[in-house]
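# A structural walkthrough
What follows is the residue order along each chain.
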Amino acid sequence: MKKSTTALATLALAATAVLTATPAQAGDLPRVCTSTHGFDNGSFYCGGAYGEGEALWPLNSGDWVDFVIGLDHAVWFRTTNSGWNSLGGYFTGKVTFSKKLNDLNFTINALGSDGVTTWSRDRTHKGFVTDWYVKS
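Parameters at a glance
- Residues numbered from 1 in each chain as written.
- Predicted model: local features only at pLDDT ≥ 70, side-chain atom pairs only at ≥ 80, totals over all residues.
- Heavy atoms only, no water.
- Pairing = 2+ DSSP bridges.
- Helix = DSSP H or I, 4+ residues; strand = E, 2+ residues; numbered from the N terminus.
- Axes fitted to C-alpha atoms, helices over the stretch in contact; angles between N-to-C directions.
- Buried < 20%, exposed > 50% of the residue type's maximum accessible area, 1.4 Å probe, protein only.
- Contact = heavy atoms within 4.5 Å.
- pLDDT = per-residue confidence, 0-100.

### Digging into the sheet that holds strand S4 (residues 64–69)
In spatial order, the strands read S3-S4-S5-S6; together these four strands make up an open sheet with antiparallel pairing. Among the strands making up the open sheet, the edge pair consists of strand S3 (55–58) and strand S6 (85–88). For this sheet the average axis-to-axis angle between neighbouring strands, irrespective of direction, equals 25°. Two strands pair when backbone bridges link them, and strand S5 (residues 75–79) and S6 are joined in this way by three bridges, in the antiparallel orientation. Among the inter-strand pairings, Phe77 is bridged to a residue of S6, identified as Asn85.

Pasting the structure below:
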């Protein structure tokens, strides 16, 4: 009888540990969000490596460019006055910016499917002028 009581106590303790670990882990998992910045609705990943999900780039005109990782894992963007456009790829983390020269000339970056490699794409006043590349 003592063995079964000990076994039951051990099982209950193990179940409690699993249940208490789940909420902390759940916060690190991606969720699906929609834009909160007055843009047209669209679903994208947020949470975990995706942060709040949206990466906003200000334009001198007062408009914004909104970058997200869509449910197809591609980078999607739109401006205040346009619909969603895909830049393709397969990404597992939020879009970030580098080479911030001005409002029309910058580089976007996102974590690739391997979870290690960062891919980049350059934009100028002519639009996105490079394909995705890995910085050396």
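And the narrative resumes.
### Looking at unusual backbone geometry
Both trends apply: most residues other than glycine have a negative phi, and most peptide bonds are in trans. One non-glycine residue, His73, lies in positive phi territory at about 70°. Residue classification places His73 among the buried positions, given a relative accessible area of 14%.

### Looking at the environment of Pro58
Inspection of the secondary structure assignment puts Pro58 in strand S3. The spacing of Pro58 and Leu104 is 46 residues in sequence and 9.2 Å in space, taken between C-alpha atoms. Ignoring any residue separated from it by four or fewer positions in sequence, one finds Pro58 in contact with Asp63, Trp64 and Asp103.

### Thoughts on the pairing of S4
Counting buried residues in S4 gives five out of six residues, a clear majority hidden from the surface. Of the pairings in the sheet, the one linking S3 to S4 comprises four bridges and is antiparallel in character. Bridge pairing links Pro58 to Trp64 in S4. Where S3 folds back onto S4 in an antiparallel hairpin, the turn is made up of five residues, including Gly62, whose phi is positive at roughly 95°. Of the pairings in the sheet, the one linking S4 to S5 comprises five bridges and is antiparallel in character. Bridge pairing links Val65 to Thr79 in S5.

### Comments concerning the confidence of the model for the protein
In low-pLDDT regions, the fine details of the predicted coordinates are not to be read closely. Confidence in the prediction of the protein, expressed as mean pLDDT, is 78, and 74% of residues score 70 or more. Averaged pLDDT values over the elements of the protein bottom out at 39 in helix H1 (residues 2–26) and peak at 96 in strand S11 (residues 133–134). Across residues 4–26, where pLDDT falls below 50, the model places zero contacts with residues more than four positions away in sequence or in other chains.

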